[in-house]
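# Analysis of the macromolecular model
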Amino acid sequence: MKLSACAFVCFLMLPSISVAQVTLADQGKAIVPILHRPNASVRIVKAAQTLATYLEKIAGAKFTVEAEKSATAAGIHLGLIEDLNEVRILPHWAPAQPTQREDYLIHTSERSVYLIGASDLAVEHAVWDMLYRVGYRQYFPGANWEIIPKTTKLDFHANTREQPSYYSRRIWYGYGAARWSKDAYESWCAKNRCVAGIELNSGHAYPGFYTRNKAEFAKHPEYLSLIKGERRFAQLCISNPGLRQLVVDDALGQFAKNPERHSISVDPNDGGGWCECAECKKLGSISNRAVTLANQVAEEVNKKYPGRYVGMYAYSQHSPPPTIDVHPKVVVSVATGFITGGYTVDQLVQGWQAKKATIGIREYYSVHTWDRDMPGRARGANTAYLRKTIPHFHDMGARFLSAESSDNWGCNGLGYYLAARMLWDVKEAKNVDALIEDFLDKSFGAAKKPMAEFYKLTDAASRPLLTDDLVGRMFRLLAEARGLTKDPAVHARLEDLVLYTHYVDQWLDFGAAKGPEHQSAFEAVVKHVYRMKDRLMVHTLAVGRDVAGRDKSLVMPKEASPYTPEPKNPWMSSKPFAKDEIEQYLADGIARRQLFQFTPVGYSKDLVVPKGLDYGMLPRIEPNLATRGTRHFYTWVDKAPATLTIKATAGLIYQDKGPAIFELYPALEPEGKSVSEAKVAPDRMEHEIKLTTTFTGLHKITLSDKNAMTRMVWPEEFAFTVQSTHEEPHTFQGRWNLYFYVPKGTKIVGGYAAGPGFMLDAKGAKIHTFADKPAYFHVAVPEGQDGKFWRMSQSVGERRLMTVPSVFSRAPRELLLPIEAAQKDGK
């Protein structure tokens, strides 16, 4: 496309000029055509045709797509920046730069709209952006979640230069996209500009090097890791110059096959197995070794293919920052999980940046083995987390973000959509509330109010618990929404969510079932998700591939694999769901899933020593203090300095996760820092550790053991309290017994339990029996038993109290209480 001098002047002054409004269609008639250069690429012509198709759906007018004869002709002009020849819209726009290949301009003049991009991809972005600005949405993949506005007169005006905040924006499926979801997923990514403008390869790459070069490795076993005196493939012997040159040659060969590729990965294998030879040890840390290889590959590749990137993770043993500088073309994607060395994600970003690395983020928005597509379990469903971290990582310098996710739009769809908006423009984080309102308005119309409650209920920031109460509320809100509208498009979306909720309903039964019923419940789950696979509400492929593989009590016929299509697959059916069938799911769910019968009471985390309570003659209990993961315990120091002596046995399950780490945090420490730390070797031997403080008052002891399991013996002279709240649940291993306090005036002790056991009242009598099945509970407080200490007995798993302080101790006199409860009942 070639612009006139007048047009050039207008574009050059773009940021300050007024924007004309162009009428595109009126009363079913297109006013302007859609234009492209005579020699435009196939992609741009297709983008023009796509624009014409959707504008016709919106305005009811037939738009023609033509090769332009004049850049000043009335029309919607699609083209590349280089089509301007000697003319440049903005002097600093350099399309040859990889970081600007997605830049585009949308501008309206008196009679025309200009969609000008730095690449074919950028022009496609401009088309979808223009459609978004006139009200088009593709919230989730699939026709049900596509919003096409209708208007008799279509006007348009815009004056914007767009560049993505993150150069690579990937929300990708663990286990991959299935044959039934691939096209819809890719369409959603394109429409929401959630793509890899710079395709950054960062996955575990050493196995690929090994497979492609087996003959060379056979000739040179010294290229492999030396482990206990034997050369074998686990990682690579990076100190070997021949090995490094082989990897360089392999990388150059990949670029020779595809000179257009943007990057290559040199990330190590997943796991350990690092070389133990003397020369590798001289390189220093595991991170130093990985960077040494990445640097050499980046240096040699960029000599022949300038501007190309080399990707790797900061992950597992190579997550700590190196002591050597990183080549500027090496992109290090810091993982937000599976990191070692005691670093936070922010500390890793800062540490790698200090060594000149280009920073990316390797996120986990949803991992099926972690969340099983349950509501509110994944980061992808946590709108508060997304709106905080996406701009935060960008502020820290990250320009690439790759998020492992799942094909589970029933639980995470809104989060994925919001993430896509923010990844393109981090300023959208300030507009999240408005984006949610837009989603609710356009998706549900008159049913907006109950659906706002539905999405609030299932937001991971609310930490919903998988119980009868949660599923019952989901069904009730969907039923209420169905009754508020007759719009068939809204009903179709609600049906998707009813089918998703029915899956959650089934999963709750499956988790509680034992023996033959467990197998039957599993079959019911798989058959349901197979049948609803085209709805994309549940990651059907992951359910079919993974669940039975991890639960050895289950049997899944080989022919029932998700890779076996109908009709050969005995469990897979594409029979449509009838409306009365979906209505029956709603009715049954409401009838079966009852809501809890109590009102939660909120308490602060400010724990104090209560005074003047009725402690009675209750004995101290020595609990089984075995736990795993990261846990918090609380104590009180009356006089400082003081030393807390704990006996600890670490590594009860795993001995290769590193030491168990204890840290002591005084509440009065002004910066919230730890004042004492101790490490316990994971050798299954009892060790005595000492934690010292110069502060008085409340102290938190944090134990972190990477799930290796640690057992403690708590000193008698210090109070012991565990807090188990909705935000910070606590789970002991094995059976445990602890006291809790029922404040004066309490009518119901209500909460959540996951695991069997008993509740004993103030007299020591069994007042409630907990079942294996996770559930809310409520227990009436007998007259005269409030203002006293009750007990959890022979408990397994988790307890969260929601009407009384959710704190537990081995003895009433050691129990620290929230300050408001202590002040109300104390003297």
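The structure reproduced in this document is the subject of the present report. (Residues numbered from 1 in each chain as written. Predicted model: local features only at pLDDT ≥ 70, side-chain atom pairs only at ≥ 80, totals over all residues. Heavy atoms only, no water.)

Moving on, we come to the environment of Lys281. Note that Lys281 resides in helix H8 (residues 278-283). For Lys281, a relative accessible area of 53% gives the class exposed. The spacing of Lys281 and Asn159 is 122 residues in sequence and 58 Å in space, taken between C-alpha atoms. Discounting chain neighbours no more than four positions away, the residues touching Lys281 are Glu276 and Arg289. (Helix = DSSP H or I, 4+ residues; strand = E, 2+ residues; numbered from the N terminus. Buried < 20%, exposed > 50% of the residue type's maximum accessible area, 1.4 Å probe, protein only. Contact = heavy atoms within 4.5 Å.)

Below, the discussion takes up the nonpolar core. The biggest cluster of nonpolar side chains holds 131 residues, and the ones touching the most others in it are Val297, Trp352, Phe444, Met451, Tyr455 and Tyr503. The greatest single-element share of this core, amounting to 11 residues, is contributed by helix H17 (residues 488-512). In this structure Phe444 touches Trp145, Phe439, Met451, Tyr455, Val490, Arg493, Leu494 and Leu497, once residues within four positions along its chain are discounted. Counting 39 residues, the second largest nonpolar core, distinct from the first, contains Phe720, Trp736, Val742 and Ala753. (Core = buried A, V, L, I, M, F, W, Y, C linked by side-chain atoms within 4.5 Å.)

Let us now look at the pairing of strand S5 (residues 75-80). The element S5 is extensively covered by neighbouring structure, given that 6 of its 6 residues are classed as buried. Burial along S5 is two-sided: Gly75, His77 and Gly79 facing one way and Ile76, Leu78 and Leu80 facing the other are all buried. Bridge count for strand S3 (residues 34-36) against S5 is 3 bridges, and the pairing is parallel. When the sheet's bridge partners are listed, Ile34 is paired in S5 with Ile76. Bridge count for S5 against strand S7 (residues 112-117) is 6 bridges, and the pairing is parallel. (Pairing = 2+ DSSP bridges.)

Between the first and last C-alpha of helix H9 (residues 286-304) there are 28 Å, a value that for 19 residues agrees with the 27 Å anticipated at 1.5 Å per step. Most of H9 is tucked away, with 14 of its 19 residues classed as buried. (Expected span 1.5 Å × (residues − 1).)

So, on to unusual backbone geometry. A cis amide bond, omega 0°, links Glu566 with the succeeding residue Pro567. Within the fold, Pro567 resides in the loop between helix H19 (540-550) and helix H20 (579-592). Residue Pro641 is bonded to the preceding Ala640 through a cis peptide linkage, with omega at 0°. Here Pro641 shows up in the loop between strand S22 (630-637) and strand S23 (642-650). Although it is not a glycine, Ser316 adopts a positive phi angle of roughly 55°. Tracing the backbone through its elements, the reader meets Ser316 in strand S16 (residues 309-316).

Attention now goes to the sheet that holds strand S18 (residues 358-364). Pairing within the open sheet is parallel, and its 6 strands lie in the order S12-S19-S18-S17-S16-S15. The open sheet terminates on both sides in strands that have one partner only, identified here as strand S12 (168-173) and strand S15 (263-265). The sheet shows a mean angle of 20° between the axes of neighbouring strands, taken without regard to direction. The pairing of S16 with strand S17 (residues 330-339) spans 6 bridges and is parallel. Its bridge partner being in S17, Gly311 is matched across the sheet by Val331. The strands touched by H9 within the sheet are S15, S16 and S17, with S16 carrying the most contacts at an inclination of about 170°. Contacts from helix H10 (residues 345-354) reach S16, S17 and S18, with the element oriented near 160° to S17. (Axes fitted to C-alpha atoms, helices over the stretch in contact; angles between N-to-C directions.)

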